[in-house]
Amino acid sequence: MTGPGSEGLQLRRAVCPGSFDPITNGHLDIIGRASRLYDVVHVAVMINQSKKGLFEIDERIELIREVTAEFGNVQVESFHGLLVDFCKQRDIPAIVKGLRAVSDFDYELQMAQMNIGLSGVETLFVPTNPTYSFLSSSLVKEVAAWGGDVSHLVPEPVLAALGDRLRRK
Ligand code: PNS
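Analysis parameters
- Residues numbered from 1 in each chain as written.
- Predicted model: local features only at pLDDT ≥ 70, side-chain atom pairs only at ≥ 80, totals over all residues.
- Heavy atoms only, no water.
- Helix = DSSP H or I, 4+ residues; strand = E, 2+ residues; numbered from the N terminus.
- Rg over C-alpha atoms; globule rule 2.2 N^0.38 Å.
- Buried < 20%, exposed > 50% of the residue type's maximum accessible area, 1.4 Å probe, protein only.
- Contact = heavy atoms within 4.5 Å.
- Areas by Shrake-Rupley, 256 points an atom, 1.4 Å probe, with all protein chains shown as cover.
- Near = heavy atom within 4 Å.
- Polar contact = N/O pair within 3.5 Å; in protein donor to acceptor, adjacent residues only side chain to side chain.

Let's shift gears to the overall build of the protein chain. Secondary structure summary: the protein chain contains six helices and five strands in total. Each helix and strand of the protein chain, placed in order from N terminus to C terminus, yields the pattern β-α-β-α-β-α-β-α-β-α-α. On C-alpha atoms alone, the protein chain measures out to a radius of gyration of 17 Å, which is about the 15 Å that the 2.2 N^0.38 rule sets for 169 residues. Reported as C-alpha extents along the three principal axes, the dimensions of the protein chain are approximately 60 × 35 × 30 Å. The buried share of the protein chain, reckoned over its 169 residues, is 44%. Summarising the internal contacts of the protein chain: among those between residues at least 6 apart in sequence, 75% fall at separations of at least 24. Accessible surface, the protein chain as shown: approximately 9,800 Å² in total, 54% of it carbon and sulfur.

The next point concerns the site of the ligand. Neighbouring residues of the ligand: Pro17, Gly18, Ser19, Met46, Gly81, Leu82, Leu83, Met111, Met114 and Asn115. Between the ligand and Ser19, the relevant distance is 2.5 Å, taken from an oxygen atom to a side-chain nitrogen or oxygen of the residue. One nitrogen or oxygen atom from the main chain of Leu83 is found 2.9 Å from an oxygen atom belonging to the ligand. With the chains in place, 68% of the 550 Å² that the ligand exposes on its own is no longer accessible. The dominant element in the shell around the ligand, judged by the number of residues it contributes, is helix H4 (residues 102–119), at three residues.

Honestly, that's just the spatial picture; any functional story needs more than this.
Set out below in structure tokens:
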């Protein structure tokens, strides 16, 4: 079919990229909101070999799959390489990112401008829910490592995985 409206037949895709070591309620909020705006949301766990994480990539993927299953249109995978190549290979025209505070903006703007210059992929910024404006995976790991309560900051399966991992360290 051609003509006005026929472009709607193509699935609208977006990607939420990150390290997700581990996924927090802040990430989940952004992924959930993206999942209401797009037909398919790809969550890309980007592999950074120079950064040893607390969780293996496969563990991060499993946790993200578990906590995003309720959305029904989220696909989770890892990728080693440029985010724009992930997008090109899957026909994804948009990157969705959360902006927590002005301090995020400088670097995020640089990446967005680099990515559109490299490949034409757009970046859309979503304001983080103020409840999570201070939240990052690094802070969650640090607080949890010292026995602080992070139960309101991460989904339940992540809390369990954190407890398990930190007990064994
Ligand atoms: O959760 P993070 O670590 O803040 O996410 C940063 C990430 C993974 C989204 C960013 O570093 C990235 O896109 N890396 C993939 C490699 C790449 O495309 N680099 C060029 C960015 S302009």
